Structures are given as structure tokens and as C-alpha cells.
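# An overview of the molecular structure
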Amino acid sequence: MKHKLLHTPEGVRDIYNDECERKLNLQDRLRKVLKSYGCRDIETPTFEFFDVFSKEVGTVSSKELYKFFDREGNTLVLRPDITPSIARAAAKYFEEDDMPARLCYTGNTFINNSSYQGRLKETTQLGAELIGDNSPQADGEIIAMVIDSLLCAGLTEFQVSVGHVDFYKSLFLEAGFNEEQEETLRELISNKNNFGVEEFLENLPVSRELSALFAKLPSLFGSAVILDEAEAMTSNEGAIKAITRLREIYRIVSAYGLERYISFDLGMLNKYMYYTGVIFRGYTFGTGDAVIKGGRYDRLLGHFGKEAPSIGFVVMVDQLLNTLSRQKINLPSEENKVLVCCEPGLEMDSVALSKKLRQEGMSVTLLSLAEGRDIFSFAARNHLTRIWHLCKDGRTVCSRMTEVGTWEEEK
Ligand SMILES: N[C@@H](Cc1c[nH]c[nH+]1)C(=O)O
């Protein structure tokens, strides 16, 4: 029984010591990037009324939500996605004059996914939303924020893949597919299954031009050249408009000097139905999953009573942290962590010394020396790089960890 008490349910986990510090350190850095773009902090509740995440909102499907009831019988939901909460809050609190509003947040999301892949059900997202701006400049700014975030996390090799929901939506509309056909085709395109797409279209009354484009869709990804390629294959107005927008975004990201980090993927789809324009994901090696997800959602706030075109993204913090470990990228900690230890009887002196060192900005761990305690290995395990040892004979011995992990006495 006791043993059972020590376990956590499947899909959630404890994070502690080094890993937890690395996570918080990463979050601090990322938040600084978002603040450097003028974002203001916002926190929304961990659970909300069911309606905030209902089917019409177009987020995670209802069967994947954690639902429960309050005393009054209202159905509540643990947030699976923070964007609808931000949209609700922005619709409630922000006046026209406050727009555009740039908001940033960190919080955990909860998705009751099937456990077979060992995926986490609780994950941390750190994100930004630019509310009330429908310009391509806003799209470009958000993508620049994404790239700066990944650079600041220490990644050097990554790609932000950019698509546009109106590209495929316009083509679907032209083809006149029903919901089921659309779903099948979405699946095939998502899986980049060219043959599947061709086979699926064979028996449908779709024009030759359109069929050719659908068949090409799973492979329409790469540099900006694929935008020209796609444009040459269609006369669909909506699709061409989407391409024009992507070109504008490319120009703006170029003005930030960051265009080498983006590529285009016209076959990119997203399960979240609230997206209305550009969508993107950030990928790096070490994981097949995206470390960044985002896009434009011009009608989501309307659902909460205020029309305000918006765009945003989240960093999947746990995912990114994993990738950084695999790529052996270590972010330097800004903390200056030291150990003050004293022999019995010198507790008051050690308190005075710790206080002084803390005032100098150090993070001080205070330790009373017990018999047989190896202070050097204690310090090393806790990443404490200097030691002040108050000895009974009145001396204070200071030691510093060398670059190779040995200790040398300081004079
Ligand atoms: N909330 C989205 C990401 C996003 C933020 N803003 C816009 N999109 C997600 O969880 O995938």
C-alpha cells in the first residue's frame, strides 16, 4: 500500500532537482524573449467552464478533456489548451484602445489522451498571443518571436515550418467534399501519403487541375520556391491569396534577418479548427514532435463576444527540454550557488556569513556539519561551486571548484 502511495498516475510525473531547475531556467529565458517583444503577463485559471473548450471553439476534442462538476452542477474542464482561455479573458477585459494586446503566459495543460504512446497528459506550455491585429506584420513578428525563442533556448539547428489553412480549405471547398471525404483526405495529406491521395481521388469527380494539386500537396514543402510551384498549379482565388500572404510573411521575417529558419509546408494541416490563416510548427532533431505550435485565429474571440483577429504560439516546454538534453545543450544557470558550513557551536557566525553572501546576490545553502559528512561531494551534487567552512579554531576555509571538478583552497 505504501508503495502505491509513492507512484503518480500514468501520464503525469514529478520533476525535481536538476531537471526542474533546467526547466525553470529555460522558462525564465523564454519569458525574457517574449517580454523583449513587449508582451505583458497574464494568468488564467487551470479549469474553466466546459463551454470555453466546446466543439464550436475548435480545440481539443471533447473526449480528450478532463471533465468534472462543481457543487452547483456546472461542468468544468481542466484546460487542454490555453489559447481559448486567453481569448475569453481578452474579450472580457481588453478595450478597443488596448489593442493590439501582446500577452504572454506559462501554464500546464491537461489532455486525456490514450496512454499507449507513453505521452504526457499534463504538459507545460509557454506562449504569446498578439490580440487585435490582422496584419502580415503581426504574423511576421510572431514567427520572429518563435525563432528568437528557439535561439535563446540554445538551439542552432531547427526549422519553423509555415503553412496556411486557407490554402487547403479553399481547395477542399472547390472540390465540394463532404465532411467524411474531407476527413479522409486530411488524414492522407497529414501522413504525407501521396499514393493514398491519388487513389482516394481516382473515383471522385474532381477536376484534373485540382486532383494534380491534391496529389502534390503532401510534397509541397521546402523553401519559398514551393510557393511559386503551387501558384502555377492553381487558379483558385483563396489558395492564391494564401500564397500571397505567405510571401508577405517571408518578406517580413527576412526584415528580421531570420528567414533562413523558416520553410513552407502547404500540406500542413491542424486539428484545431479555430485557425483561420497562417499556421506553423517548430521542429528540431532529437524529436519528431513539434517543440513550437501556433497560428492565426481571427474568429476565436468572436466566440466570446468580441471580434479581434489574433495570432499566437506556444513553446512545448517539456518537449523542448527533452530535445535540449538529447542535443547536449546546457544553458548556463545565472545563479551563483555556494555552501556555508560550520562546525558545532558556530551556527550564529554561519548565519551572519550567509546573510552577507545573500546580500551580495549569492544563493547560499547552509549546512551544519555532522560527523562524517563529505561536504565536497554534497556541494558537487548540488552544484554549489564555492564553500565557506567555519572551523572551530576560528579559521574560515574557502574552497572553489575548478573547471575539472576538483577543489582548490582560496587564499
Ligand atoms: N494553443 C495552441 C498554440 C497556439 C497559441 N496561439 C495560437 N496557437 C496549441 O496548443 O497548439
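Provided above is the structure to which this section pertains.
I will try to describe carefully the structure that is included in this document. (Residues numbered from 1 in each chain as written. Predicted model: local features only at pLDDT ≥ 70, side-chain atom pairs only at ≥ 80, totals over all residues. Heavy atoms only, no water.)

### Section: the sheet that holds strand β14 (residues 363-368)
The pairing of strands in a sheet comes from backbone hydrogen bonds and takes either a parallel or an antiparallel form. One open sheet holds the 5 strands; their spatial order is β14-β13-β15-β16-β17, and the pairing between them is mixed. In this open sheet, the two strands that pair with only one neighbour each are β14 and β17 (407-410). Averaged over all neighbouring strand pairs, the angle between strand axes comes to 25°, with direction disregarded. Here strand β13 (residues 337-342) pairs with strand β15 (residues 386-390) via 5 bridges, running parallel. Bridge assignment links C342 to a residue of β15, and that residue is L390. (Pairing = 2+ DSSP bridges. Helix = DSSP H or I, 4+ residues; strand = E, 2+ residues; numbered from the N terminus. Axes fitted to C-alpha atoms, helices over the stretch in contact; angles between N-to-C directions.)

### Comments concerning the sheet that holds strand β10 (residues 278-284)
Pairing in this open sheet of 9 strands is mixed, and the strands run β1-β5-β6-β12-β11-β10-β7-β9-β8 from one edge to the other. Taken across any chain shown, the strands that pair with only one partner, and hence form the sheet edges, are β1 (40-41) and β8 (221-222). Sheet strands touched by helix α3 (residues 83-93): β5 (101-110), β6 (122-131) and β11 (292-297). Its angle to β6, the strand with the most contacts, is close to 40°. Here helix α12 (residues 317-326) sits on the sheet in contact with β6, β10 and β12 (310-316), set at roughly 45° to β12. (Contact = heavy atoms within 4.5 Å.)

### Description of the packing of helix α2 (residues 17-36) against helix α4 (residues 136-152)
With their axes 9 Å apart at the nearest point, α2 and α4 run at an angle of 150° to one another. The angle between α2 and α4 falls in the class roughly antiparallel. In the crossing of α2 with α4, the sense of the turn from one axis to the other is right-handed. Residue-level contacts link R29, L30, V33 and L34 of α2 to M145, D148, S149 and C152 of α4. Of the residues in the contact of α2 with α4, the class split is 5 nonpolar, 1 polar and 2 charged. (Parallel < 35°, antiparallel > 145°, perpendicular 65-115°, else oblique. Left-handed = near helix turned anticlockwise from the far one by under 90°. Nonpolar A, V, L, I, M, F, W, Y, C, P; charged D, E, K, R; others polar.)

### A short note on the packing of aromatic side chains
A full pass over the atoms with the stated rule returns 12 aromatic pairs. Arranged with centres 5.9 Å apart and planes meeting at 70°, the rings of Y274 and Y297 form a pair that is edge-to-face. Of this pair, Y274 sits in the loop between β9 (262-265) and β10 while Y297 sits in strand β11; the two residues are 23 residues apart in sequence, bridging distant segments of the chain. An aromatic cluster is built from Y168, F172, F177, F200 and F214, whose rings are joined through pairwise contacts. (Phe/Tyr/Trp six-rings, centres within 6.5 Å; stacked < 30°, edge-to-face > 60°.)

### Digging into the site of the ligand
Of all residues adjacent to the ligand, which total 14 residues, the nearest are D81, T83, E129, Y275 and G312. The separation between a nitrogen atom of the ligand and a polar side-chain atom of Y274 is 3.2 Å. Within the side chain of Y275, a nitrogen or oxygen atom sits 2.6 Å from a nitrogen atom of the ligand. Burial of the ligand by the protein chains amounts to 99% of its free accessible area of 300 Å². The greatest single-element share of the shell around the ligand, amounting to 4 residues, is contributed by β11. (Near = heavy atom within 4 Å. Polar contact = N/O pair within 3.5 Å; in protein donor to acceptor, adjacent residues only side chain to side chain. Areas by Shrake-Rupley, 256 points an atom, 1.4 Å probe, with all protein chains shown as cover.)

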